[in-house]
Amino acid sequence: MFKKKHLAHLAVSGLITLGVYGQASADTFRFALGFPSGAPIEAGKAYADAVKKYTDGKHRVRIFELSLLDHSEMNDGVGQGLADIGYLLTAYTPSEYPHSNMGADLSMVMALDDTITNQEGFAYSGAMLEYIMMNCEECQAEFTKNNIVYTGVVSTPSYVMFCNDPVTTLNDIKGKRIRISGAPWARWTRAFDATPVVLPIGDAYEALSQGVIDCTFFSPTELTNFNLIEVVKNIIPNVPGGLYAAGGASSLNKTKWDAMSTEEKTAFLKAGAVMSAEITYRYQEQALADLEKAQEQGIKIIEAEPEVVAKSHAFIEEDLNFIPKFYHNEYNLNEERLTELSQTMLDLIEKWKGIIANADIQNANDLRDIYWQEVYSKIDPNTYSPKQ
């Protein structure tokens, strides 16, 4: 449910109508991103350019950085047409997207080997695209139910620990209050005798600075996306691992999609490949740059002890088998089908690790071409997300 105060603000400002644009034409798509700056915004600009290019200027995209919808409002906002496109994080509405989120929840498997270090997100984005767009009918049904069309993925680089105090041993972690980003990280935290804390991403700065939490799990990109570089004192890069992939970077209002021609749908799929590649590649570049900035500012980057890493890997291997059971118990879904989908996703992860390991990726365009060739080009726009 939307906050009444925020809806009232939208109504007054004219965003629910076309008043904010004067006589804006119907070919202007409003793209809501719940970030103030950083890789998501820059990727959104590349997406806007791609829409203009692939539709020969017929359609344009206007970006709203943080101002139109926040992350908790995105699902309803895009579905109801308050925004035409949204950077949707499905973990904020877990009961609406259980099959989709389960695919994302397997991401900690990436921590079990280092075959594609600093490219984990490249592979996971590809696997999630192929999982949701080509292998999971239940996932498609979830987006359709919310009047949304999935056309782009969100995958961050691997998660690290940001902490107030140095945390390198099992005893250091014990008792810590840790802000988590999803159920697997909550279970990881409990396995280490620490306390998981659920907080919106935008509250992490204040929570860390005031000692409400001791640590948080994030991609290094949030050091600058949310200015955490001002309050973080220690970074532990080799745990917990995993990455955030629960969402669609360019999620379209389905009513808009259904009104498009085949050519227009194809254009928006091409733009989706651009968005998926841009956000994934930019996130990784930004993560490496932000870690360098952190060191320059005196933030300590320290490795967890081998016993912590060993326990973390043991937890991950056990938890991968538990995840389908968790979704069965939590949402009363068919456990056999969940187990099947889980294995499908794990197989896709291995496939995409191989694709990325053997690819020469120098820029986002190289990644875009891979995503287009392996996934998007195989989608029939006439049958993808059909009308109900």
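The preceding data block contains the structure.
None of the values given here were measured: they were computed from a predicted structure.

Peer 1: Where do I start with helix 13 (residues 306–331) in this structure?
Peer 2: Since there are 3.6 residues in each turn of an α-helix, residues three or four apart along the chain are aligned in direction. When the terminal C-alpha atoms of helix 13 are compared, their 36 Å separation across 26 residues agrees well with the 38 Å that a helix rising 1.5 Å per residue should span. Along helix 13, the largest kink reaches about 40° and is centred on Phe322; proline Pro324 follows within four residues of it. When we look at burial in helix 13, the residues that qualify are Val308, Val309, Ser312, Phe315, Ile316, Asp319, Leu320, Ile323, Pro324, Phe326 and Tyr327. Against the buried residues of helix 13 lie helix 4 (98–105), helix 7 (170–173), helix 8 (183–191), strand 9 (234–240) and helix 14 (335–357).

Peer 1: Sorry, what's going on with the packing of helix 13 against helix 14 here?
Peer 2: Helix-helix packing is described using two parameters, namely the angle between the two axes and the distance between the axes. Where helix 13 meets helix 14, the closest approach of the two axes is 9 Å, and the angle between their N-to-C directions is 140°. The angle between helix 13 and helix 14 places the two elements in the oblique class. Handedness of the crossing formed by helix 13 with helix 14: right-handed. Contacts between helix 13 and helix 14 involve Leu320, Pro324, Lys325, Tyr327 and His328 from the former and Glu335, Leu338, Thr339, Ser342 and Leu346 from the latter. Grouping the amino acids of the contact of helix 13 with helix 14 by side-chain chemistry returns five nonpolar, three polar and two charged.

Peer 1: What am I meant to see in the sheet that holds strand 4 (residues 148–150) here?
Peer 2: In a beta sheet, neighbouring strands pair by backbone hydrogen bonds and run either parallel or antiparallel. Taken in spatial order, the five strands of this open sheet run 2-1-3-10-4, and their pairing is mixed. Looking at which strands have only one partner, the edges of the open sheet turn out to be strand 2 (60–65) and strand 4. On average, each strand axis in the sheet is inclined to that of its neighbour by 35°, with strand direction left out of account. When strand 1 (residues 28–33) meets strand 3 (residues 85–89), the two strands line up parallel, connected through two bridges. Each bridged residue has a counterpart across the sheet, and for Ala32 the counterpart in strand 3 is Gly86. Strand contacts of helix 2 (residues 39–54): strand 1, strand 2, strand 3 and strand 10 (247–253), with the helix running at about 165° to strand 2, the strand carrying the most contacts.

Rules and cut-offs
Residues numbered from 1 in each chain as written. Predicted model: local features only at pLDDT ≥ 70, side-chain atom pairs only at ≥ 80, totals over all residues. Heavy atoms only, no water. Helix = DSSP H or I, 4+ residues; strand = E, 2+ residues; numbered from the N terminus. Expected span 1.5 Å × (residues − 1). Bend = angle between axes of the 7 residues up to and from the residue. Buried < 20%, exposed > 50% of the residue type's maximum accessible area, 1.4 Å probe, protein only. Contact = heavy atoms within 4.5 Å. Axes fitted to C-alpha atoms, helices over the stretch in contact; angles between N-to-C directions. Parallel < 35°, antiparallel > 145°, perpendicular 65-115°, else oblique. Left-handed = near helix turned anticlockwise from the far one by under 90°. Nonpolar A, V, L, I, M, F, W, Y, C, P; charged D, E, K, R; others polar. Pairing = 2+ DSSP bridges.

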